[in-house]
Amino acid sequence: MKATDMQRTVLLLVRHGETEDNVRHIMQGQTQGILTATGCRQAEALGRLMDQLQIDAFVASDLRRAVDTAQLIARSHGLPVTTTPLLRERDWGDFTGRYIPDLEAAAWPENVESMAHLLQRAQAFLDFIHDNYPGKCVLAVGHGIINKAIQAVFYKKPIREIPRMGNIDVRTLVLSSSRKAPATVIS
């Protein structure tokens, strides 16, 4: 076995900071979103905690709330933030922009992104990290549902079994150098 076969990529999966629509309980979906002052402070505080780690790359969803969060976290590392639509939140179709408590009894719109497509995006994101950052530590800022989908694919579990991530929560996944080898769970 070569030394490179032993490399593992560490993925620090983060949910963006609090947004105005989080506070108002509005379904954001793939809208840009704006961080609140609290959301900015959350990201800055996480950035200070992450100063202790050797982070090689920062990746974010291309939606504003994730990019802004990633930039605040990455500031002290002096590294750019790479964006990808693979990390976008689930497309909620006609649910987008609606008050979340009103949706419980609402009919499910046909234009909501399917769970199959969401899980395919999650796998594509893990492949993207695996292929582009072997042996690196990558901090990636995404959203609540796509982050759950990524973990569901990683752990090979139904998405409903993945615990909800709050704003600025971090989950650590260690990707094996071989896609066939089992991954390691740290937190």
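Residues numbered from 1 in each chain as written. Predicted model: local features only at pLDDT ≥ 70, side-chain atom pairs only at ≥ 80, totals over all residues. Heavy atoms only, no water.

A. Seen up close, helix 2 (residues 37–50). Taking 1.5 Å as the rise per residue, helix 2 with 14 residues should run 20 Å; its terminal C-alpha atoms sit 20 Å apart, in good agreement. Burial in helix 2 covers these residues: Gly39, Ala43, Leu46, Gly47 and Met50. Within helix 2, the buried residues cover an arc of 105° as seen down the axis, which keeps them to one side. Facing away from the buried side of helix 2 by more than 90 degrees, the exposed set consists of Ala37, Arg48 and Leu49. As for helix 2, its buried residues are in contact with strand 1 (9–15), helix 3 (64–74), strand 4 (137–142) and strand 5 (170–175). (Helix = DSSP H or I, 4+ residues; strand = E, 2+ residues; numbered from the N terminus. Expected span 1.5 Å × (residues − 1). Buried < 20%, exposed > 50% of the residue type's maximum accessible area, 1.4 Å probe, protein only. Arc of directions from axis to C-beta. Contact = heavy atoms within 4.5 Å.)

B. Structural view of the packing of helix 4 (residues 115–132) against helix 5 (residues 144–155). Here helix 4 crosses helix 5 at 70°, and the two axes come no closer than 8 Å. Here helix 5 runs roughly perpendicular to helix 4, going by the angle between their axes. Between helix 4 and helix 5, the residues in contact are Leu118, Leu119, Arg121, Ala122, Gln123, Phe125 and Leu126 and Ile145, Ile146, Ala149, Ile150, Ala152, Val153 and Phe154, respectively. Taken together, the residues that form the contact of helix 4 with helix 5 break down as 12 nonpolar, one polar and one charged. (Axes fitted to C-alpha atoms, helices over the stretch in contact; angles between N-to-C directions. Parallel < 35°, antiparallel > 145°, perpendicular 65-115°, else oblique. Nonpolar A, V, L, I, M, F, W, Y, C, P; charged D, E, K, R; others polar.)

C. Spotlight on the pattern of salt bridges. In the structure shown here, the tally under the stated rule is four salt bridges. With a shortest N-O distance of 2.7 Å, Arg88 and Asp62 are connected by a salt bridge. Of the two residues, Arg88 sits in the loop between strand 3 (81–84) and helix 4 while Asp62 sits in the loop between strand 2 (57–61) and helix 3, which places them 26 residues apart along the sequence. Here Glu113 and Arg121 are joined by a salt bridge, their closest N and O atoms 2.9 Å apart. Residues Glu113 and Arg121 agree in their burial class; the two are buried. (Salt bridge = Lys/Arg side-chain N within 4 Å of Asp/Glu carboxyl O.)

D. The arrangement of the confidence of the model for the chain in detail. Per-residue confidence for the chain gives a mean pLDDT of 92; residues scoring 70 or more make up 91%. Contacts for the low-pLDDT stretch residues 1–5, under 50 throughout, to residues beyond four places or in other chains number three contacts. Below pLDDT 50 for its whole length, residues 180–187 participates in 16 contacts with residues either more than four positions away or in separate chains. (pLDDT = per-residue confidence, 0-100.)

E. Structural detail: the packing of aromatic side chains. A full pass over the atoms with the stated rule returns five aromatic pairs. Relative to Trp108, the ring of Trp92 has its centre 5.8 Å away and its plane inclined at 75°; by these criteria the two rings are edge-to-face. Separated by 16 residues along the polypeptide, Trp92 in the loop between strand 3 and helix 4 and Trp108 in the loop between strand 3 and helix 4 bring together distant segments of the chain. Note on Trp92: relative accessible area 9%, which makes it buried. Look at Phe128 and Tyr133: their rings are 6.1 Å apart centre to centre, the planes differ by 75°, and that puts the pair in the edge-to-face class. Residue classification places Phe128 among the partly exposed residues on the basis of a relative accessible area of 22%. The rings of Trp92, Phe95 and Trp108 are connected pair by pair, giving a single aromatic cluster. (Phe/Tyr/Trp six-rings, centres within 6.5 Å; stacked < 30°, edge-to-face > 60°.)

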